[in-house]
Each structure stands twice: as C-alpha cells, then as structure tokens.
Amino acid sequence: METVVISLGGSVLAPAVIDYEFLKKFRALLLKLTKEGKKFIIICGGGKTAREYMVAASKVVRLADEDLDWLGIHATRLNAHLLRTILRDIAHKRVIRNPNEKIDFKEKVLIAAGWKPGWSTDHVAVLLAKNHGAKTVINISNVDNVYDRDPLNFPGAKPLDKISWKDFRKMVGDKWSPGLNTPFDPVASKKAEKFGLKVVIMGKELANLEKFLLGKPFKGTIID
Ligand code: UTP
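So, here is what we can say about the structure in this document.

Counting secondary structure elements, the protein chain contains eight helices and nine strands. Taking 2.2 N^0.38 as the reference for a compact globule, 224 residues should give roughly 17 Å; the C-alpha atoms of the protein chain span a radius of gyration of 17 Å, in line with that estimate. Considered along the principal axes of its C-alpha atoms, the protein chain spans approximately 50 × 40 × 35 Å. Sorting the 224 residues of the protein chain into buried and exposed places 50% on the buried side. Across the protein chain, the fraction of contacts at a sequence separation of at least 24, relative to all contacts at a separation of at least 6, is 67%. Looking at the protein chain as shown, the accessible area adds up to about 11,700 Å², and 55% of this sits on carbon and sulfur atoms. Where the 38 positive side-chain charges of the protein chain centre and where its 25 negative ones centre are 3 Å apart.

See the structure below:
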C-alpha cells in the first residue's frame, strides 16, 4: 500500500489556540485508516506559534533571517512533538528532521518537522515523498483550493478542481520567503514537478480528507 505524505499547516494545527477538537478527530481518522492498511508521513507546520516568536524577537532586536527561520523550525518541532504524543500508539517514536535520512520505519505513521533555514515544511514534504516512494502530498491548510485568480483581490475568483504544474508555477513564481502566502511553496513546487508528484490542496475538514483518500469526489485542487 502506497504511503501518503500529509503537510499539516501550522494554521490548522496551532492557530490562535491549539485546536484539540481537530486533533481528536485527526487521531480518530488516522486510527481508522491505518487499521485499513494505509501509511502516512505527516510533516507539521509552525503556524501562529512560529509567527508570535518571530514578531516578539523582532521587536527587541533586528533578527537575521536565519534566526527568524530557526524560531519557525522550533515551532514546527514543538507541533510535531504534540502530534507524536497524541499518536504514541501508532507513530514512530522519533520526530524526523532531515528528510534525506534513511529511515526504515515499521509503524504506520512517521512524524516530521522543519529541517533547516531557508526551507518551508512544504519543501521538506516534497523531499520526504521522493525519498519514501510516495506519489502524493496532501497539503492541509487554511487555503482550501487553488483559485483561477488571487481570491483576496478578486472576489469573483473561482476555485479549481485541477491545475497543471506548468500553470500553477506561472501563478506562484519561483521564490519562497518566510510567511509567503501561496497555496504551496514555489521552490517546493518546482521540485514536486520535477519528481512527478501530485500535490493536493485542501482545507481542514477531515470528512473531506477521508473522501479524497477513499477515491471519492472531494473539495480541493489537484496539482499535477
Ligand atoms: P512553515 O511556513 O512551513 O509552516 O514553517 P506553516 O506554519 O505551516 O506555514 P503556513 O501556516 O502554511 O503559512 C514555519 C517557518 O519555519 C521556518 C520558516 O521560517 C517558516 O516560515 N522553516 C520551516 C525553516 O526555516 N525551515 C524548515 O525546514 C521549515
């Protein structure tokens, strides 16, 4: 059975307060799906925690970009430990940092976090997928679809069911910077296209995630 990589945005896992109702439902869904034989690698974002630490430190001194990133990375690691803790019975006991590390895990779930400055968790997710033979990365965040135009500036923007890497990359460009708000990191997108991966953009509704995993119609955008 193919492993699926899930990039779980910090905006979902740790918005203003930790959404433990979401975590309860996420755990229940993973227990159900892993019993049916599915395997997952889940990489956690930094969310509000990352942003709060970056903003606070920046009010005291002017931080180097690398130090801003390290605060973000540690927030992703804290979130990853939270997830590993609530999945103790089915997850590998160590949280993975380096996506290129050779790791032969027997458990049904592997949890990963941020790796190094200048990267995003989307970027790490793409490397994890390549290294573990996964064909699909599901990006769960507060962005529920790719739209034909920027929905913040164009109220009439329409959600897309599908978009090619070529068209998506035309839309998001080539550069990534911390806090950038595109549905998927442009640098990670370039690699995902090169590796022949499919990235699925969806919101945090778990019934919708289950529908996608069962091959049923779902709400979201497939990029491939
Ligand atoms: P992300 O931006 O990937 O997490 O990491 P996120 O919270 O899911 O992002 P949203 O909510 O989708 O926008 C948080 C920050 O941690 C640093 C970056 O500064 C990033 O903005 N980071 C993360 C790294 O520097 N390297 C990594 O490998 C991962």
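Okay, the packing of helix α5 (residues 121–131) against helix α7 (residues 186–195) next. At a minimum axis distance of 8 Å, the contact between α5 and α7 shows a crossing angle of 15°. In terms of their interaxial angle, α5 and α7 are classed as roughly parallel. Once α5 is placed against α7, the crossing between them reads as left-handed. Residues D122, H123, V126, L127 and K130 of α5 form the contact with α7, whose participating residues are V187, A188, K191, A192 and F195.

Looking now at the nonpolar core. Generally speaking, nonpolar side chains in soluble globular proteins are found buried as a group. Counting 32 residues, the largest nonpolar core has I6, L8, F26, I42, L83, I138 and L209 as the members making the most contacts within it. At six residues, the largest contribution of residues to this core is made by helix α2 (residues 20–35). Among the nonpolar cores identified, the runner-up in size contains 31 residues, and L110, A134, I163 and I223 belong to it.

Another point: the site of the ligand. Around the ligand sit 24 residues in total, of which G47, D69, W115, K116 and T121 are the nearest. One nitrogen or oxygen atom from the main chain of K116 is found 2.7 Å from a nitrogen atom belonging to the ligand. Considering the ligand on its own, with 590 Å² of exposed area, one finds that the protein chains cover 89% of that surface. For the shell around the ligand, the elements supplying multiple residues, two or more each, are α1 (10–13), α3 (47–60), α4 (65–86) and α5.

Turning next to the environment of M54. Relative to the assigned elements, M54 resides in helix α3. Distance in space between the C-alpha atoms of M54 and K93 is 29 Å, their sequence separation being 39 residues. The contacts of M54, once residues within four sequence positions are left out, are L68, L71 and G72.

Right, let's get into the packing of aromatic side chains. One pass over the structure, following the stated rule, counts four aromatic pairs. Ring centres 6.0 Å apart and planes at 75° place the aromatic pair W165 and F168 in the edge-to-face group. Placement of the pair is W165 and F168 together in helix α6 (residues 165–172), with a separation of three residues, close to one helical turn. Taken individually, W165 and F168 each receive the classification buried, so the pair is uniform in this respect. Between F212 and F218 the ring centres are 4.9 Å apart and the planes differ by 65°, which places this aromatic pair in the edge-to-face class.

Here we take up the pairing of strand β3 (residues 109–112). Residues V109 and I111 point to one face of β3 and L110 and A112 to the other, with burial holding for every one of them. Sheet topology note: the strand β2 (residues 39–44)/β3 ladder contains four bridges and is parallel. Looking at the pairing, I43 lines up with A112 of β3.

This next bit is on the pattern of salt bridges. Applying the stated rule across the entire model yields 10 salt bridges. Notably, a salt bridge pairs E210 with K32, separated by 2.5 Å at the nearest N-O pair. Within this pair, whereas E210 is found in helix α8 (residues 206–213), its partner K32 is found in helix α2, the two being separated by 178 residues in sequence. Owing to a relative accessible area of 17%, E210 belongs among the buried residues under this scheme. Judged by its relative accessible area of 40%, K32 is partly exposed. The partner of E101 in a salt bridge is R94, with the nearest N and O atoms 2.5 Å apart.

What counts, and at which threshold
Residues numbered from 1 in each chain as written. Predicted model: local features only at pLDDT ≥ 70, side-chain atom pairs only at ≥ 80, totals over all residues. Heavy atoms only, no water. Helix = DSSP H or I, 4+ residues; strand = E, 2+ residues; numbered from the N terminus. Rg over C-alpha atoms; globule rule 2.2 N^0.38 Å. Buried < 20%, exposed > 50% of the residue type's maximum accessible area, 1.4 Å probe, protein only. Contact = heavy atoms within 4.5 Å. Areas by Shrake-Rupley, 256 points an atom, 1.4 Å probe, with all protein chains shown as cover. Lys, Arg positive; Asp, Glu negative; His and termini not counted. Charge placed at Lys NZ, Arg CZ, Asp CG, Glu CD. Axes fitted to C-alpha atoms, helices over the stretch in contact; angles between N-to-C directions. Parallel < 35°, antiparallel > 145°, perpendicular 65-115°, else oblique. Left-handed = near helix turned anticlockwise from the far one by under 90°. Core = buried A, V, L, I, M, F, W, Y, C linked by side-chain atoms within 4.5 Å. Near = heavy atom within 4 Å. Polar contact = N/O pair within 3.5 Å; in protein donor to acceptor, adjacent residues only side chain to side chain. Phe/Tyr/Trp six-rings, centres within 6.5 Å; stacked < 30°, edge-to-face > 60°. Pairing = 2+ DSSP bridges. Salt bridge = Lys/Arg side-chain N within 4 Å of Asp/Glu carboxyl O.

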